[in-house]
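Overview (structure and organization)
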Amino acid sequence: MKYILLTLILLQGILMGAVLKDININDTKIPVIFEKNNKLPIFNIQLIFKNSGYINDKKQPGITKFIAQVLNEGTKKDGSVNFARKLENKAISLSINTGVETFVIEISCLKEEIDNALKYLCELLKDPNLTKETFRKIQLLTISKLQQKENDFDWVASNGLKQILFKNSALEYPSSGTLNSIKTLTLHDIKKRLKSLFNINNLIIATGGDIKFKTLKTKLEPILKNLTKHPVKTFKSIVPLDNMQEKIIYKDTKQAYIYFGSPFYLKTNDKENYKAKVASFILGSSGFGSRLMEEIRVKNGLAYSAYGYIINKKSYSSFQGYLQTKLENQQKAQQLVKKVISEFVANGVTQKELDAAKKFLNGSEPLRTETFSQRLNRAFSLYYKNLPFDYPQQELQKIDNLTLDELNKFIKKHTEITKLSFSIVLQKTSKKELD
């Protein structure tokens, strides 16, 4: 109990600074997650556009990530090199990234460079480097990377699993797209998508540092007024398929790459999420000591490592894992994965496993918010999931109070994780196997 109390005190100090505010622009109220921090003369801001990630790429796989890469090429006026030099001379970090559900522009700099950082951001939004030369450069680089990835067998097996679990959805494809989708992409497609991407109705801002909110609000208004307003578009959540398929991909490999996955029926704001966190830790996400690692590596010597974890997003929720093993051990390892997960659901966990999970999760939680950027990311994630900013404290308390019986009842009712599909990269040994 002393351990949990110390952890809660640390977490309270980390998260208590985040507050929810707003900025009203053109009759649109933009939520702002703000934390004042004057311990260091720093500034960080993340413009996060929800409903704008690559989950919207179904018809044109890879287009959202392509746009992020174009924006990272600077402005049309300066070009990529000169724009990057301007940022470097002021020690300003400006990056654009896309996730499954969000599109994010992030800036970090010293307090004294806030005006320059926001000025450069404004220039980028007004004059992105949308030239034929830049488009062709990104297109060729993306095609080259996709071709190189064909020899990254972890990537190949992982994408094979996506094709099974998320068939007929945007998540069936890599975030970078496919060779065909990138080859057929046009500059017109990029410009058209970009017009609707920076939708002020989808914007959430996570920001703070050594600056007052009133001052920051004044500095942001000129940038925000240039953002367009479109109807809010939401994505439909995707339920991974549970039809237990097996996909074999033949490559010139010395190892078998085994990726596996199944649905996991739980929403991001479900009251039992903390139980899923503990169950996932014990089953496969904790490394040494996890069920998968103990059975597959320690007891049977079938792999150097084996992992499995629950992914819980608004867009989808699933259980996924992976391992590598010798070619001759592929079937044995695959069957052992099925056995471990089936027994986990049927029999639950032991008190020893639960105690070890509690100790680790309570002790490691503050390490996830060591930096200011991490704290803003955490605060945004909580807001995005409709959870209070003090939820991590509540979660730790719930984990500490969790009984063995409660956890095992939760595990036993999630039989869907036993409906495993497999994507496996193997060595092509004969023509018969191809047939």
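What comes next is a walk through the structure. Everything quoted here is computed from the prediction, not taken from an experiment. (Residues numbered from 1 in each chain as written. Predicted model: local features only at pLDDT ≥ 70, side-chain atom pairs only at ≥ 80, totals over all residues. Heavy atoms only, no water.)

On to the overall build of the protein chain. When its secondary structure is counted, the protein chain shows 17 helices and 11 strands. Since a compact globule built from 435 residues should have a radius of gyration of about 22 Å, the 24 Å found for the protein chain is in line with a globular shape. Taking the principal axes of its C-alpha atoms as reference, the protein chain extends roughly 60 × 60 × 40 Å. Within the protein chain, buried positions represent 51% of all 435 residues. Of all intrachain contacts in the protein chain linking residues separated by at least 6 positions in sequence, the fraction that spans at least 24 positions is 81%. Surface accessibility of the protein chain: about 21,300 Å² in total, with carbon and sulfur atoms responsible for 50%. Put simply, the protein chain has 68 plus and 43 minus side-chain charges, and the middle of one group is 3 Å from the middle of the other. (Helix = DSSP H or I, 4+ residues; strand = E, 2+ residues; numbered from the N terminus. Rg over C-alpha atoms; globule rule 2.2 N^0.38 Å. Buried < 20%, exposed > 50% of the residue type's maximum accessible area, 1.4 Å probe, protein only. Contact = heavy atoms within 4.5 Å. Areas by Shrake-Rupley, 256 points an atom, 1.4 Å probe, with all protein chains shown as cover. Lys, Arg positive; Asp, Glu negative; His and termini not counted. Charge placed at Lys NZ, Arg CZ, Asp CG, Glu CD.)

What follows is about empty space enclosed by the protein. For the coordinates displayed, the defined rule picks out one cavity of 30 Å³ or more. Space inside the largest cavity adds up to approximately 60 Å³. Around the largest cavity, the lining residues are F264, A279, S280, L283, I310, F344, V345, F410, I411, H414 and I417. The element that contributes the greatest number of residues to the lining of the largest cavity is helix 10 (residues 273–285), accounting for three residues. Split into classes, the residues belonging to the lining of the largest cavity amount to nine nonpolar, two polar and no charged. (1 Å grid on protein atoms, 1.4 Å probe; cavity = no way out; pocket = protein on both sides within 12 Å on 5 of 7 lines; lining within 4 Å. Points joined across faces, edges and corners; volume = space filled by probe spheres on them. Nonpolar A, V, L, I, M, F, W, Y, C, P; charged D, E, K, R; others polar.)

This part is about the layout of surface pockets. Counted as a void, the largest pocket has a volume near 1,300 Å³. If you list the elements that add at least two residues to the lining of the largest pocket, you get strand 3 (42–50), strand 4 (93–98), strand 5 (102–110), helix 10, strand 9 (306–312), helix 14 (372–384) and helix 15 (391–401). The greatest single-element share of the lining of the largest pocket, amounting to seven residues, is contributed by helix 14. Residues that form the lining of the largest pocket fall into these classes: 15 nonpolar, 13 polar and 10 charged.

All chains considered together, the criterion is met by 15 salt bridges. For K36, the salt bridge identified is with D210, shortest N-O distance 3.7 Å. Pair noted here: K36 is in strand 2 (residues 28–36) and D210 is in the loop between strand 6 (203–209) and helix 9 (213–224), with a separation of 174 residues, a long-range link. When its relative accessible area of 38% is taken as the criterion, K36 is described as partly exposed. For the salt bridge of K219 with D115, the shortest nitrogen-to-oxygen distance reads 2.5 Å. Of this pair, K219 sits in helix 9 while D115 sits in helix 4 (residues 114–126), and the two are 104 residues apart along the sequence. We classify K219 as partly exposed; its relative accessible area is 26%. The structure contains a network of salt bridges with shared partners spanning K36, K111 and D210. (Salt bridge = Lys/Arg side-chain N within 4 Å of Asp/Glu carboxyl O.)

Overall, mixed pairing links the six strands, which are arranged 1-2-6-3-5-4 in an open sheet. Edge strands, defined here as strands with exactly one partner in the open sheet, are strand 1 (18–25) and strand 4. Ignoring which end each strand starts from, the neighbouring axes of this sheet average 20° apart. The strands that helix 9 touches are strand 1, strand 2, strand 3 and strand 6; relative to strand 1, the one it contacts most, it runs at about 40°. (Pairing = 2+ DSSP bridges. Axes fitted to C-alpha atoms, helices over the stretch in contact; angles between N-to-C directions.)

Further remarks concern the packing of aromatic side chains. This structure, assessed with the given rule, holds 14 aromatic pairs. Relative to F135, the ring of F66 lies with its centre 5.3 Å away and its plane at 45°, an arrangement referred to as tilted. Of the two residues, F66 sits in helix 2 (residues 63–71) while F135 sits in helix 5 (residues 132–149), which places them 69 residues apart along the sequence. Relative accessible area serves as the criterion here: at 1%, F66 is assigned to the buried category. Between F153 and Y257, the aromatic rings sit 5.7 Å apart at their centres with planes inclined by 70°, giving edge-to-face as the arrangement. Within this pair, whereas F153 is found in helix 6 (residues 153–165), its partner Y257 is found in strand 8 (residues 255–263), the two being separated by 104 residues in sequence. You can call F153 buried: its relative accessible area is 12%. By relative accessible area, which is 13% here, Y257 ends up buried. An aromatic cluster is present here, built from F49, F103 and F198 joined pairwise through their rings. Stacked on the ring of F213, the Lys or Arg K21 has its end atom at 5.3 Å from the ring centre. (Phe/Tyr/Trp six-rings, centres within 6.5 Å; stacked < 30°, edge-to-face > 60°. Lys NZ or Arg CZ within 6 Å of the ring centre and 35° of its normal.)

Looking now at the packing of helix 2 against helix 8 (residues 187–197). For the pair helix 2 and helix 8, the least separation of the axes is 10 Å and the interaxial angle reads 90°. The angle between helix 2 and helix 8 falls in the class roughly perpendicular. Here helix 2 contributes I63, T64, F66, I67 and L71 to the contact with helix 8, which in turn contributes D189, I190, R193, L194 and L197. Each residue belonging to the contact of helix 2 with helix 8 can be placed in one class, and the counts come to seven nonpolar, one polar and two charged. (Parallel < 35°, antiparallel > 145°, perpendicular 65-115°, else oblique.)

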